[in-house]
Amino acid sequence: MKFAPTASCVVALAVALAAAGEARAQKTTKVKYAEVVRSVFYLPKYVAIANGYFRDQGIEVDMTTAWGGDKGTAMLLTGKVDVVLQGPETAIYVENGASPEKTKMFTAITATDGLFLMSREKMTMEQFDWSMIKGKTVMGWRPGSTPGLFLEYAMKKHGVSPNKDIDHVTNIAIPARVGAWLVNKASFSVFFEPDVSKLSRQGIAYPVASVGKEVGPVDYTVFMATDSFIEKNPKIVQGWANAIHKAQKWIQTADAETAAKTISKWFPKVELGDIAASVTRYRKFGIWKTDPTTHPQAISALQDILVEGGVLKADKRVAYERVVTTKFSEAAKKSAE
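Residues numbered from 1 in each chain as written. Predicted model: local features only at pLDDT ≥ 70, side-chain atom pairs only at ≥ 80, totals over all residues. Heavy atoms only, no water.

Visitor: Let's hear about the layout of surface pockets: which residues, and what values?
Guide: The space that makes up the second largest pocket amounts to roughly 160 Å³. Lining the second largest pocket are Met-125, Glu-126, Phe-128, Trp-130, His-158, Val-208, Ala-209, Ser-210, Lys-213, Glu-214 and Phe-285. Of all elements in the fold, only β9 (206-210) and α9 (211-215) reach the threshold of two or more residues within the lining of the second largest pocket. Here the lining of the second largest pocket takes 3 residues from β9, the largest share from any one element. Considering only residue class, the lining of the second largest pocket consists of 6 nonpolar, 2 polar and 3 charged. (1 Å grid on protein atoms, 1.4 Å probe; cavity = no way out; pocket = protein on both sides within 12 Å on 5 of 7 lines; lining within 4 Å. Points joined across faces, edges and corners; volume = space filled by probe spheres on them. Helix = DSSP H or I, 4+ residues; strand = E, 2+ residues; numbered from the N terminus. Nonpolar A, V, L, I, M, F, W, Y, C, P; charged D, E, K, R; others polar.)

The structure is reproduced here in structure tokens:
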């Protein structure tokens, strides 16, 4: 005897099939990922997570914070993470190092340094001249670090010797920088967002120069993976590049307040207004890349700075193609057209 299905049975079956199809569609691969630090500077990456761009590419992001490029590199080379976001100089150091495993940059999100020089005295960028820091205490960054090297490069460009013309404070840890400023440790200091917006809103410090603008286009933060991971997982790497480029396009036109709300869960102690102001400032100065590809001139300029800063010998400069692959970023751009 045959039984005709009831309406409720048909509905239940349809719901079950839809749920099964959705489960298949949402199947993702977990990718272990480390950011060098937690920062609004890397906003496009948080946007890619929040807006589901990684999920759309079949990627589940398992994120941790390395708190340093040296730590991020160690995590990458030992297999503790699959992808890291950090300075491109680390790939150069690995290339020159003894490790048999090498790394490649495959997509980038920041076009230059995101630091702003801030003054205790109220003034505008138009009123500031780099000669004003001579004879003053300047709170810089750890010696040999990329933020420190870029700041020193900007100083030298304007005829200021970091070693002779200023009292250069370089031993303040990142978490202690705002506190050190509040207890009057310096006349000038460099800060990333959202500290720039918070301190200026409070009338405690005033942005007077963009280090990135002074240095020019030098890809400052890139995603990288080991050669072996890239070779074994090209679909994941491509999906990652696709997700990041989609976020780059989104942030070009997104309302600043909307962008702030989108990433706010990663910055629960930061006021939304300060995040929104950070978005506005970084877009104004072209800090975020719109093109995810790291081009040869960026790596050449970076190595100029490393050599000038004394952390890379001139005969140890590396060939662009040894540390960069453009296959995935270029494909991401084409897929977005």
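After that view, the rundown keeps rolling.
Visitor: Summarise the packing of aromatic side chains; cite the residues concerned and give the values.
Guide: Inspection of every chain in the model, using the stated rule, returns 18 aromatic pairs. Centre to centre, the rings of Phe-41 and Tyr-42 are 5.3 Å apart; their planes meet at 40°, and the pair counts as tilted. Across the pair, exposure class does not vary: Phe-41 and Tyr-42 are buried alike. With a centroid separation of 5.2 Å and an interplanar angle of 35°, the aromatic rings of Phe-41 and Phe-192 are classed as tilted. Pair noted here: Phe-41 is in the loop between β1 (29-35) and α2 (43-50) and Phe-192 is in the loop between β8 (188-191) and α8 (195-201), with a separation of 151 residues, a long-range link. (Phe/Tyr/Trp six-rings, centres within 6.5 Å; stacked < 30°, edge-to-face > 60°. Buried < 20%, exposed > 50% of the residue type's maximum accessible area, 1.4 Å probe, protein only.)

Visitor: Which residues make up the nonpolar core, and what values go with them?
Guide: Counting 100 residues, the largest nonpolar core has Leu-117, Phe-128, Trp-130, Ile-133, Phe-223 and Trp-240 as the members making the most contacts within it. Not counting residues up to four positions away in its chain, the partners in contact with Ile-133 are Leu-117, Phe-128, Val-138, Met-155, Val-160, Asp-165, Ile-166 and Phe-188. (Core = buried A, V, L, I, M, F, W, Y, C linked by side-chain atoms within 4.5 Å. Contact = heavy atoms within 4.5 Å.)

Visitor: Would you mind going over the packing of helix α6 (residues 146-157) against helix α14 (residues 296-308) in detail, with residue names and values included?
Guide: In a packed pair of helices, the relevant descriptors are the angle between the two axes and the axis-to-axis distance. Where α6 contacts α14, the axes come no closer than 10 Å and their chain directions differ by 85°. Here α6 lies roughly perpendicular to α14, going by the angle between them. Contacts from Leu-149, Phe-150, Tyr-153 and Lys-156 of α6 reach α14 at Leu-302, Ile-305, Leu-306 and Glu-308. For the contact of α6 with α14, the residue count by class is 6 nonpolar, no polar and 2 charged. (Axes fitted to C-alpha atoms, helices over the stretch in contact; angles between N-to-C directions. Parallel < 35°, antiparallel > 145°, perpendicular 65-115°, else oblique.)

Visitor: How would you sum up the sheet that holds β1? Please name residues and give values.
Guide: One open sheet accounts for 5 strands, arranged β2-β1-β3-β10-β4; its pairing is mixed. Two strands close off the open sheet at either side, each with one partner strand: β2 (59-65) and β4 (103-110). Strand-to-strand twist of the sheet, defined as the mean angle between neighbouring strand axes without regard to direction, takes the value 25°. Pairing between β1 and β2: 7 bridges, direction parallel. Following the sheet pairing, Thr-29 is matched in β2 by Ile-59. The sheet strands contacting helix α5 (residues 89-96) are β3 (83-86), β4 and β10 (221-226), and the helix crosses β4 at an angle near 170°. Across the sheet, helix α11 (residues 234-253) touches β1, β2, β3, β4 and β10, and the angle it forms with β4 is around 15°. (Pairing = 2+ DSSP bridges.)

Visitor: Please set out the pattern of salt bridges residue by residue, giving values where relevant.
Guide: Overall, the coordinates contain 13 salt bridges when judged by the stated rule. Glu-214 is paired through a salt bridge with Lys-157; the nearest N and O atoms lie 3.6 Å apart. In this pair, Glu-214 sits in helix α9 while Lys-157 sits in helix α6, placing the two residues 57 residues apart along the sequence. Each of the salt bridges in this network shares a partner with another, and the network as a whole consists of Glu-35, Arg-38 and Lys-45. (Salt bridge = Lys/Arg side-chain N within 4 Å of Asp/Glu carboxyl O.)

Visitor: Mind laying out α2, listing which residues take part and the relevant values?
Guide: Burial runs high along α2: 6 of the 8 residues are buried. Leu-43, Pro-44, Lys-45, Tyr-46, Val-47 and Ala-48 are the residues of α2 that are buried. Within two residues after α2, Gly-52 carries a phi angle of roughly 80°, on the positive side.

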